[in-house]
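Structural description and commentary
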Amino acid sequence: TRELERNAGALVLARDEAERAVKARDQLLANMSHELRTPLNAILGFSEMMRNEFQGALDNPHYKTYVDMIHKSGTHLLGLVNQLLDLSRMEAGRFALMAETVDLGELARECTALVSPAADEKQVALCAEGVSHAMVDGADAAALRQVLLNLISNAVKFTDPGGNVTVAVRGEAEAVVVSVADNGIGIPEAALKRVLEPFQQADPSVSRKYGGAGLGLAISHRLMGLMGGSLELASTLGSGTTATIRLPVVAAEGLSRAS
């Protein structure tokens with residue numbers, strides 16, 4: 001009887017796991033369909049209008065707007081493809097990181113400046129504060145830039161006009177900490193761990209309203225782990241989110257040292 005009970009329990013767990021896998025697959029297909037179709041439709045539509053000279057001869061200034069939209073859509077697609085390739089390499093254990101000495105304070109300010117135009121366009125106040133220099137040895141500058149740009153861009157994207165995003169850098173005894181705090185839509189407590197997994201968002205409706213395939217946080221979480229650091233989320237639904245990365249002053253061993 002005990003053996004039958006154990007087998008029945010194992011079957012229930014296997015069934016639940018299969019159902020979760022099917023649900024994740026369906027959500028992935030829905031997200032990717034939306035994320036790929038939207039910019040592709042823009043690229044095809046605007047290029048078709050230019051090919052047919054919808055606004056007259058191609059020297060018409062209206063076409064500059066079309067070219068801008070085509071460029072933005074192509075950039076979005078390239079970013080999505082790069083995220084998928086990064087995640088694939090991580091899953092296969094083939095994602096190479098370089099060990100460098102990185103000024104995380106300066107990098108945080110650089111990334112804040114890069115996202116500032118998008119924040120200004122959305123009327124979100126974006127600022128950087130804290131220590132100006134925070135050195136970390138044995139980290140990968142490109143990977144950290146990718147993490148910071150994702151966290152700051154996310155904060156701006158999920159904050160309504162008139163809101164605030166603050167990037168703060170501080171030093172601890174053996175680590176450097178960067179927090180990105182916003183007063184945006186927030187994340188339900190039950191979803192805080194889930195959104196760090198690939199293709200997951202707190203609410204499927206979020207993808208439809210704000211866009212995104214649910215890859216950025218998962219990739220950022222894994223990159224921090226590869227460097228011996230961490231990414232943590234704290235949030236209150238409707239009040240905002242704080243994403244915090246923590247990296248040891250001497251980061252993970254085993255990375256390839258940049259010459």
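This write-up is about the structure you can find in this document. (Residues numbered from 1 in each chain as written. Predicted model: local features only at pLDDT ≥ 70, side-chain atom pairs only at ≥ 80, totals over all residues. Heavy atoms only, no water.)

1. Remarks on the packing of aromatic side chains
Tallied over the entire structure, the rule returns two aromatic pairs. Both rings, one in phenylalanine 46 and one in tyrosine 66, keep their centres 5.0 Å apart while their planes meet at 40 degrees; by these two values the pair is tilted. Taken as a pair, phenylalanine 46 in helix H1 (residues 2–51) and tyrosine 66 in helix H2 (residues 62–91) lie far apart in primary sequence, 20 residues in all. With centroids separated by 5.6 Å and ring planes inclined at 70 degrees, the aromatic side chains of tyrosine 63 and tyrosine 66 adopt a geometry described as edge-to-face. Of this pair, tyrosine 63 and tyrosine 66 are both found in helix H2, three residues apart, which corresponds to roughly one turn of the helix. A relative accessible area of 2% places tyrosine 63 in the buried class. (Phe/Tyr/Trp six-rings, centres within 6.5 Å; stacked < 30°, edge-to-face > 60°. Helix = DSSP H or I, 4+ residues; strand = E, 2+ residues; numbered from the N terminus. Buried < 20%, exposed > 50% of the residue type's maximum accessible area, 1.4 Å probe, protein only.)

2. Concerning the side chain of aspartate 103
Structurally, aspartate 103 can be placed in strand E1 (residues 98–103). Notably, aspartate 103 is buried but unbridged: the nearest opposite-charge side chain belongs to arginine 109, and the N-O separation is 7.3 Å. Among the polar contacts made by the side chain of aspartate 103, one reaches the main-chain amide nitrogen of glutamate 106 at a distance of 3.1 Å. Apart from the residues lying within four places of it in its own chain, the contact partners of aspartate 103 are Ser132, His133, Ala134 and Met135. (Lys, Arg positive; Asp, Glu negative; His and termini not counted. Salt bridge = Lys/Arg side-chain N within 4 Å of Asp/Glu carboxyl O. Polar contact = N/O pair within 3.5 Å; in protein donor to acceptor, adjacent residues only side chain to side chain. Contact = heavy atoms within 4.5 Å.)

3. Comments concerning unusual backbone geometry
Even without a glycine there, the phi angle at glutamate 53 is positive, about 50 degrees. For glutamate 53, a relative accessible area of 40% corresponds to the partly exposed category.

4. A word on the environment of glycine 229
You can see glycine 229 is positioned in the loop between helix H6 (216–226) and strand E6 (230–236). Put simply, glycine 229 and alanine 251 are 22 residues apart on the chain and 7.3 Å apart in space, counted from C-alpha to C-alpha. With residues up to four places along the chain from it excluded, the contact list for glycine 229 reads Met224, Arg246, Leu247 and Pro248.

5. Side note on the packing of H2 against H6
The contact between H2 and H6 brings their axes to 10 Å, and the two run at 40 degrees. Looking at the two axes, H2 sits oblique to H6. Once H2 is placed against H6, the crossing between them reads as left-handed. Here Gln83, Asp86, Leu87, Met90 and Glu91 of H2 come into contact with H6, specifically with Gly216, Ile219, Arg222 and Leu223. (Axes fitted to C-alpha atoms, helices over the stretch in contact; angles between N-to-C directions. Parallel < 35°, antiparallel > 145°, perpendicular 65-115°, else oblique. Left-handed = near helix turned anticlockwise from the far one by under 90°.)

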